[in-house]
Amino acid sequence: MDTETSRKIVMDAWAAFASRDPARIGAVFARDADWLAQPGNATAKALDMPSHIIGREALTAFLDDGFRRLYNDVDVTFRGFYADGARVIVEETMTATLPDGRPYKNDYCFVFELENGLIRHVREYMDTAAGHRMVFG
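Residues numbered from 1 in each chain as written. Predicted model: local features only at pLDDT ≥ 70, side-chain atom pairs only at ≥ 80, totals over all residues. Heavy atoms only, no water.

### Considering the pairing of strand β5 (residues 103-115)
Remember that side chains alternate between the two faces of the sheet whenever the strand is regular.
Alright, step 1. Strand direction decides the pairing type here: strand β4 (residues 87-97) and β5, joined by 11 bridges, are antiparallel. Pairing of V88 across the sheet is with F112, part of β5.
Alright, step 2. Bridge count between β5 and strand β6 (residues 118-126): eight bridges; the pairing is antiparallel. Looking at the pairing, L114 lines up with I119 of β6.
Alright, step 3. In this antiparallel pair of consecutive strands, β5 and β6, the connection spans two residues, and N116 shows a positive phi of 55 degrees. (Pairing = 2+ DSSP bridges. Helix = DSSP H or I, 4+ residues; strand = E, 2+ residues; numbered from the N terminus.)

This is the structure in structure tokens:
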């Protein structure tokens, strides 16, 4: 897979995530895709879900319903979008409003691995201590 195609696939995936449309979200993932974040991260803990999500349906449910239950008024500022072949790295800052009205702001780095034009693996890195302070007070 060439670098520019990979970059476009991941940019289009972010647009699908933001749409909150389950059909668009599911269409960007391989059937057996997985998303791995740090164990015990604030999002997983607050939603009582695993930090390793496996399968297109589970990923779609998380990005459509789960994410929406915790984060409102989400805004993403991209800091970097780097691609090399089938691997794309995204640096971003996400701001949102938590269910109780408090603000949320955290920096993230995502590593996407693509296969056959779809997302196959995602590794997510974030400031877990800051996430816990904001989500749990």
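### Points about the environment of D34
Alright, step 1. By secondary structure assignment, the location of D34 is in strand β1 (residues 29-36).
Alright, step 2. In contact with D34, not counting residues within four places along its chain, are H52, I53, I54, L59, R120, H121 and V122.
Alright, step 3. A polar contact is formed between the side chain of D34 and the side chain of H52, at a distance of 2.7 Å. (Contact = heavy atoms within 4.5 Å. Polar contact = N/O pair within 3.5 Å; in protein donor to acceptor, adjacent residues only side chain to side chain.)

### Some points on the nonpolar core
Alright, step 1. Counting 40 residues, the largest nonpolar core has F17, F29, Y71, Y104, F112 and I119 as the members making the most contacts within it.
Alright, step 2. Sort the elements by how many residues they give to this core and helix α1 (residues 3-19) lands first, with six residues.
Alright, step 3. Excluding residues that lie within four positions of it along the chain, F17 makes contacts with I25, V28, F29, W35, L63 and I119. (Core = buried A, V, L, I, M, F, W, Y, C linked by side-chain atoms within 4.5 Å. Buried < 20%, exposed > 50% of the residue type's maximum accessible area, 1.4 Å probe, protein only.)

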